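# Architecture at a glance
Now for the letters of each chain:
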Amino acid sequence: MRPRNFIIAFVAGAAIAVGLLFTLDLVGKKVVPVQATVLPAGNELPDFSLLNQDGDTIDRRIFEGQWDLVFFGFTHCPDVCPTTMAMLKQVRERLASQGQEPLPRIVLVSVDPERDTPEAIGKYVDYFGEGNLGITGDLTEIRKLTGDLGIYFAKIETDNDNYSVDHSSVVLVINPQGRFRALFSAPLSVDNFVHDLPLIIAMP
Amino acid sequence: MMRRLLLFAALFVIVSCGEPAGPPLVASKIVVTAPAPDMPMAAAYLEIANRSGEAIRVTGVTSPQYSSVEMHETTIDDGIARMRKIAALDIADGETVIFERGGKHLMLMRPNGTPNIVTLNFYSGELLLLSVSAEFTATAN
């Protein structure tokens, strides 16, 4: 190989290596989010007036001061909602075990306020760990929040005097400034949350 | 007694019309998730393998511990989770149907008392195909 070609090959190889170092750490783990969609500036939340599990009136300021993982579901949901809440509980436990600070709070916003009283959603979120937040309230106010965030839900009548609710399965990440910062879409995975959340929390 | 007769009849019918070496329907990986506090419903998951030698149609599931049991399927399309009832479930010979979180599941509604163990009876019409029992698993774990 001629010296000039050698230099070109060396520079090209070094550039590739540097590029890899920026995207991979020494054990080959990616240092960019593998699943989350990150909103660079974060979107402001809309105005709303809802209730927490204690029956206190809350507005968008409830999302300020901590990182939040926000899921939209309902307490009479037998499959997706408890599975997602249990997953988020595991995520918090895994993050805590690896020393992550701050830990995100888990928030369930009801898409079934007809059945989800503050007391009901309170018992439900408490079942999945301490410090969780349950939000319910007037349907119109819930739609102010969901509509702005692109969250879909619709009541579906069933054949046994019961009903279900179709709903978005995403988990939103709200930053301590109360801005919608990132989004996890199905299929959700504990590993992906545990990988991505510290990166999102550390982002400027 | 009637249930036992039905079970015997079901097994006899299924075994007699196929060439299975073992039980015609085999259930495994049974998990019944406990209801959240004050919630009237639980969910159950399992795998059912059809080794009967012919196709089987499950038309209903009952439980002595719950007033109603329905086969449901959750689908997530375009990010929307939808849960729909499965009226009848066909299991081809040799096929294993998987009930799992976020997919097919059994929805158990309105418990009779406070059960610790749940029995699930799978029927094809009046024919009892399979009966399984399991303790609750904590939903939050």
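Residues numbered from 1 in each chain as written. Chains lettered and ligands numbered in written order. Predicted model: local features only at pLDDT ≥ 70, side-chain atom pairs only at ≥ 80, totals over all residues.

### Brief notes about the pairing of strand E9 (residues 171-174) of chain A
All names here are of chain A. Across the two faces of E9 the burial is the same, with Val171 and Val173 and Leu172 and Ile174 all buried. Sheet analysis places strand E4 (residues 68-73) next to E9, joined by four bridges and oriented antiparallel. Bridge assignment links leucine 69 to a residue of E9, and that residue is valine 173. When E9 meets strand E10 (residues 179-184), the two strands line up antiparallel, connected through four bridges. Along E10, the bridge assignment pairs leucine 172 with leucine 183. In this antiparallel pair of consecutive strands, E9 and E10, the connection spans four residues, and glycine 178 shows a positive phi of 75°. (Buried ≥ 20, exposed ≤ 12 C-beta atoms within 10 Å, placed from the backbone. Helix = DSSP H or I, 4+ residues; strand = E, 2+ residues; numbered from the N terminus. Pairing = 2+ DSSP bridges.)

### Side note on helix H3 (residues 118-127) of chain A
All names here are of chain A. Counted residue by residue, H3 has seven buried out of 10 residues, so it is predominantly covered. Pro118, Ala120, Ile121, Gly122, Tyr124, Val125 and Tyr127 are the residues of H3 that are buried. Buried residues along H3 sit against strand E2 (50-52), strand E5 (105-110) and strand E6 (133-136). Within two residues after H3, glycine 129 carries a phi angle of roughly 120°, on the positive side. (Contact = placed C-beta atoms within 7 Å.)

### Here's the deal with the sheet that holds E5 of chain A
Residue and element names in this part refer to chain A. With mixed pairing, eight strands are arranged side by side in an open sheet as E1-E10-E9-E4-E5-E6-E2-E3. Across the chains shown, the open sheet's two edge strands, defined by having one partner strand only, are strand E1 (37-44) and strand E3 (57-58). By the bridge criterion, three bridges tie E5 to E6 in an arrangement that is parallel. Each bridged residue has a counterpart across the sheet, and for valine 107 the counterpart in E6 is leucine 133. Taken strand by strand, H3 contacts E2, E5 and E6, and its axis lies near 155° from that of E6. (Axes fitted to C-alpha atoms, helices over the stretch in contact; angles between N-to-C directions.)

### Overview of the environment of arginine 179 of chain A
Residue and element names in this part refer to chain A. Counting through the fold element by element, arginine 179 comes out in strand E10. The class for arginine 179 is partly exposed, based on 17 C-beta atoms found within 10 Å. Separated by 32 residues in the primary sequence, arginine 179 and glycine 147 place their C-alpha atoms 15 Å from one another. Excluding residues within four positions of it along the chain, arginine 179 makes contact with Gly42, Asn43, Glu44 and Ile174.

### Brief notes about the environment of methionine 39 of chain B
Looking at the secondary structure, you find methionine 39 of chain B in the loop between strand E1 (25-33) and strand E2 (41-50). The exposure class of methionine 39 of chain B is buried, given the 21 C-beta atoms found within 10 Å. In this structure the C-alpha to C-alpha distance between methionine 39 of chain B and isoleucine 86 of chain B, which are 47 residues apart in sequence, comes to 22 Å. Ignoring any residue separated from it by four or fewer positions in sequence, one finds methionine 39 of chain B in contact with Thr75 and His76 of chain A.

### Description of the interface of chain A and chain B
Taken together, the contact between chain A and chain B spans 25 residues of the former and 24 residues of the latter. A per-element tally of the side of chain A that touches chain B places helix H2 (residues 80-97) of chain A first, with five residues. Partitioned by chemical class, the residues of the side of chain A that touches chain B number 11 nonpolar, 10 polar and four charged. (Nonpolar A, V, L, I, M, F, W, Y, C, P; charged D, E, K, R; others polar.)

### With respect to the pairing of E2 of chain B
Residue and element names in this part refer to chain B. In terms of residue burial, E2 counts as a mostly covered element, since eight of its 10 residues are buried. Across four bridges, the pairing between E2 and strand E9 (residues 104-111) is antiparallel. Looking at the pairing, alanine 42 lines up with leucine 108 of E9. Pairing between E2 and strand E8 (residues 96-98): three bridges, direction antiparallel. Counted as the bridge partner of glutamate 47 is isoleucine 98 from E8.

### Topic: the packing of H2 of chain A against helix H5 (residues 190-202) of chain A
Residue and element names in this part refer to chain A. Running from amino to carboxyl end, H2 crosses H5 at an angle of 45°, the nearest separation of the two axes being 9 Å. With respect to H5, the axis of H2 lies oblique. Of the two elements, H2 crosses H5, and the hand of that crossing is right-handed. From H2, Met87, Gln90, Val91, Arg94 and Leu95 reach across to H5, where they touch Val190, Phe193, Val194 and Leu197. (Parallel < 35°, antiparallel > 145°, perpendicular 65-115°, else oblique. Left-handed = near helix turned anticlockwise from the far one by under 90°.)

### So, the nonpolar core
Residues and elements named next belong to chain B. Counting residues in hydrophobic clusters, the biggest one holds 78 residues, and the most contacted among them are Ala44, Leu106 and Leu108. In terms of residue count, the dominant contributor to this core is E2 (seven residues). In this view, alanine 44 contacts Val31, Val32, His105, Leu106, Leu108, Val118 and Leu120; residues no more than four positions away in its chain are not counted. (Core = buried A, V, L, I, M, F, W, Y, C linked by C-beta atoms within 7 Å.)

Everything listed is a geometric property; what it means functionally is a separate question.
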